[in-house]
Amino acid sequence: MPLAQRHMPPQDSAAAPPAAPRRAKKFAAAATRSAIPVEDGSLYVARTKVQPQLAHGTFRRIKWVLLVVALGVYYLVPFLRWHRGEGEPSQAVLLDLDKGRFYFFSIELWPQDVTYVMGLLILAALILFLMTAVAGRVWCGYLCPQTVWTDLFLVVERMIEGDRRERLKLDAAPWSMEKIALRTMKHAIWLLIAWWTGGAWVLYFADAPTLVVRLATFQAPPVAYAAILTLTATTYLLAGHMREQVCTYMCPWPRIQAALTDEHAYAILYREERGEPRISAKKTDGLRAAGQPAGDCVDCFACVTVCPAGIDIRDGLQMDSIQCGLCIDACDTTMGKLGRPTGLISYDTEANRRSRAAGHGPVSRIVRPRTILYAALVAGVGGFMLYSLLTRTFTGVSVLHDRNPQFVTLSDGSVRNGYTLRIANKRPAARAFALDVEGVGGARVEVVGGTPDALPVPADSTEEFRILVFAPPGLEAPAIPLTFRIVDAASGEDATAHDHFKAR
Ligand code: SF4
């Protein structure tokens with residue numbers, strides 16, 4: 001279906017507001033993207049600016065809490081300190097690109113540990129799948145950075161320009177000194193937030209307090225300023241200007257989630273069977289007394305005006321809906337004022353909706369094959385990650401055989417092979433490792449410029465050693481598997497690397 005048609009209001013008389021058509025038209029034109037006329041058959045629909053009204057209620061409160069937590073975590077985590085020992089970074093969460101380390105409190109990941117990062121990404125994706133299978137787009141409505149930052153920018157907009165009604169008036173008003181001042185102030189604060197958002201991002205890549213000073217004194221590397229500038233621009237554009245368009249047109253998640261949900265996944269739904277036909281509150285009692293149908297929806301458009309995506313949830317489940325729950329708050333407020341039961345718009349499932357329409361009770365259940373599968377995958381991957389993290393070694397060794405010459409036959413008939421050994425010491429203290437080789441009978445090992453009994457490796461680093469292995473004369477096979485074993489004498493921790501001994 002063309003986008004233009006997708007946004008058109010339903011044409012059937014039951015869905016169209018019969019009680020107050022002029023008011024409905026006015027609201028629709030001013031508040032939603034669902035009433036944009038497309039007269040030339042074009043697939044392109046010009047954007048109508050969405051000016052959501054502030055909602056009050058449970059879901060708004062949940063969103064406030066999550067907003068504060070999410071922003072608090074993002075802006076403050078770089079300043080959390082974590083003592084790791086002398087010479088080690090004291091930032092709790094740090095991605096040190098120079099050193100190639102990722103620090104997360106007591107966990108330190110090396111480039112070789114990239115599998116943990118991949119595992120974490122897979123785990124995050126599986127958790128998102130599970131959340132979606134149970135409760136639909138909760139990520140979009142409550143936790144997605146686009147949602148959180150747009151909410152933050154709306155707070156600023158409301159503080160400066162007022163709520164929806166005042167903002168609409170300001171939009172329509174001609175340019176004046178007051179309008180210029182308000183707009184300037186709003187955009188300045190938006191830019192400040194966007195700049196701080198970019199600034200907070202780079203603090204994850206270097207010691208935060210030090211980098212703040214270097215940034216302020218223009219001594220930080222140019223790449224830091226470039227990153228801040230890029231993130232300032234994208235935050236300002238995405239959260240300040242593009243808002244719901246990012247979710248509707250740019251984000252792939254609404255398209256992907258269709259494959260992850262089914263009719264038993266919870267979503268925000270309008271209870272059509274209870275709400276229709278829509279009728280003004282004043283006429284409801286009279287109509288019902290006369291045996292005429294009159295639904296609970298009074299067509300107040302409160303659910304539409306609070307929607308940050310500018311949609312009408314009564315048109316049914318839509319891809320544009322980020323499922324933030326604000327329409328539930330708005331409708332519950334209206335129902336409360338009218339003394340009617342709340343829940344005309346609520347979290348429910350498509351299966352329940354169909355069952356109710358057929359006169360039956362709820363049929364959906366959270367525990368079903370899809371959710372069991374996702375939960376099992378989350379538990380499996382999470383358990384494996386935890387196990388491998390707890391049992392991972394802090395010692396690593398790799399070996400590289402000399403390419404040329406591959407072997408040297410000495411005057412006494414013995415054979416010598418050369419190798420480069422790299423030992424990784426992932427502990428925050430210097431260690432010495434004893435080296436031994438296994439696999440070739442009577443083999444002897446020498447370390448150029450050192451001794452195999454104690455190969456010193458500084459704390460949290462790697463060290464290369466030149467190794468010579470000598471085998472006695474008379475080896476039969478041209479290449480024999482050879483194992484290099486290093487042992488930390490102090491802790492007994494060991495690691496092995498494998499190669500071959502070339503005899504000819
Ligand atoms: S807020 Fe409730 S009563 Fe008002 S239009 Fe929306 S669904 Fe109908």
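Scroll up to find the structure.
Here the structure is a predicted model, which is why all the values come from computation and not from measurement. (Residues numbered from 1 in each chain as written. Predicted model: local features only at pLDDT ≥ 70, side-chain atom pairs only at ≥ 80, totals over all residues. Heavy atoms only, no water.)

Novice: Help me understand the nonpolar core, please; the structure alone is not making it clear to me.
Specialist: One recurring pattern in soluble globular proteins is that nonpolar side chains are buried together. If you look at the biggest cluster of nonpolar residues, it comprises 25 residues, and the most contacted ones within it are Leu421, Ile423, Leu435, Ile467, Val469 and Phe484. The next biggest cluster of nonpolar side chains, apart from the first, holds 22 residues, and it includes Leu71, Ile160, Leu170 and Tyr236. (Core = buried A, V, L, I, M, F, W, Y, C linked by side-chain atoms within 4.5 Å. Buried < 20%, exposed > 50% of the residue type's maximum accessible area, 1.4 Å probe, protein only.)

Novice: Explain the pattern of salt bridges here, please?
Specialist: Side chains bearing opposite charge may pair, as long as their charged atoms lie close to each other. This model, assessed by the stated rule, comprises 40 salt bridges. Of the charged contacts, one joins Glu273 and Arg356 as a salt bridge, the two residues approaching to 3.0 Å between their closest N and O atoms. Taken together, the residues span a long stretch of sequence, with Glu273 in helix 13 (residues 272-275) and Arg356 in helix 17 (residues 350-357) at a distance of 83 residues. Asp488 is the salt-bridge partner of Arg431, the closest N and O atoms lying 3.0 Å from each other. Taken as a pair, Arg431 in strand 9 (residues 431-438) and Asp488 in strand 13 (residues 479-488) lie far apart in primary sequence, 57 residues in all. By relative accessible area, Arg431 is classed as buried at 11%. Taken together, the shared-partner salt bridges connect Lys49, Glu157, Arg158, Glu161, Asp163, Arg167, Asp171, Arg183, Lys186 and Arg243 into one network. (Salt bridge = Lys/Arg side-chain N within 4 Å of Asp/Glu carboxyl O. Helix = DSSP H or I, 4+ residues; strand = E, 2+ residues; numbered from the N terminus.)

Novice: For this particular structure, what's the right way to read the sheet that holds strand 11 (residues 455-457)?
Specialist: Working definition: the strands of a sheet are paired by backbone hydrogen bonds and lie parallel or antiparallel to each other. An order of 11-9-13-14 is seen for the 4 strands of this open sheet, with the pairing classed as antiparallel. Since the sheet does not close on itself, it has two edges, and those belong to strand 11 and strand 14 (494-502), each with one partner. Each strand axis lies, on average, 30° off the axis of its neighbour in the sheet, ignoring direction. Direction of pairing for strand 9 relative to strand 11: antiparallel, over a ladder of 3 bridges. Within strand 11, the residue paired with Ala432 across the bridge is Pro456. (Pairing = 2+ DSSP bridges. Axes fitted to C-alpha atoms, helices over the stretch in contact; angles between N-to-C directions.)

Novice: What is the right way to read unusual backbone geometry from this model?
Specialist: Negative phi is the rule for most residues except glycine; trans is the rule for most peptide bonds. Here Glu276 and Pro277 are connected by a cis peptide whose omega angle stands at -10°. Among the structural elements, Pro277 can be located in the loop between helix 13 and helix 14 (281-289). Of the consecutive residues Asn404 and Pro405, the connecting peptide bond is found in the cis state with omega at 0°. With respect to the helices, strands and loops of the structure, Pro405 is situated in the loop between strand 6 (395-401) and strand 7 (408-409). Even without being a glycine, Phe218 presents a positive backbone phi close to 55°. With respect to the secondary-structure elements, Phe218 resides in the loop between helix 9 (208-216) and helix 10 (222-242). Taking the relative accessible area as the measure of exposure, Phe218 reaches 67% and is therefore exposed. Although it is not a glycine, Asp460 adopts a positive phi angle of roughly 50°.

Novice: Is there a simple way to think about the site of the ligand in this case?
Specialist: Taken together, 13 residues are adjacent to the ligand, and Cys297, Cys300, Phe301, Cys303 and Cys331 come closest. Of all elements in the fold, only helix 15 (302-305) and helix 16 (326-338) reach the threshold of two or more residues within the shell around the ligand. Of the residues that constitute the shell around the ligand, the class distribution is 11 nonpolar, no polar and 2 charged. (Near = heavy atom within 4 Å. Nonpolar A, V, L, I, M, F, W, Y, C, P; charged D, E, K, R; others polar.)

Novice: How do you make sense of the packing of helix 6 (residues 145-161) against helix 7 (residues 164-172) when you look at a structure like this?
Specialist: The description of two helices packed together rests on the angle between their axes and the distance between the axes. One way to put it is that helix 6 packs onto helix 7 with a least axis distance of 9 Å and a crossing angle of 75°. Viewed along their axes, helix 6 and helix 7 adopt a mutual orientation that is roughly perpendicular. Of the residues in helix 7, those in contact with Leu154, Glu157, Arg158 and Glu161 of helix 6 are Glu166, Arg167 and Leu170. A breakdown of the residues in the contact of helix 6 with helix 7 according to their chemical character gives 2 nonpolar, no polar and 5 charged. (Parallel < 35°, antiparallel > 145°, perpendicular 65-115°, else oblique. Contact = heavy atoms within 4.5 Å.)

Novice: In this structure, what is going on with the sheet that holds strand 3 (residues 107-109)? I would like to understand it.
Specialist: Taken together, the 3 strands give an open sheet; going across it, the order is 1-2-3, and neighbouring strands pair in antiparallel fashion. Unpaired on one side and paired on the other, strand 1 (93-96) and strand 3 mark the two borders of the sheet. Each adjacent strand pair in this sheet contributes to an overall mean axis angle of 10°, direction not counted. Where strand 2 (residues 101-104) meets strand 3, 3 bridges bridge the pair, whose relative direction is antiparallel. Paired with Tyr103 across the bridge in strand 3 is Glu108.

Function cannot be read off these values alone, since they describe shape.
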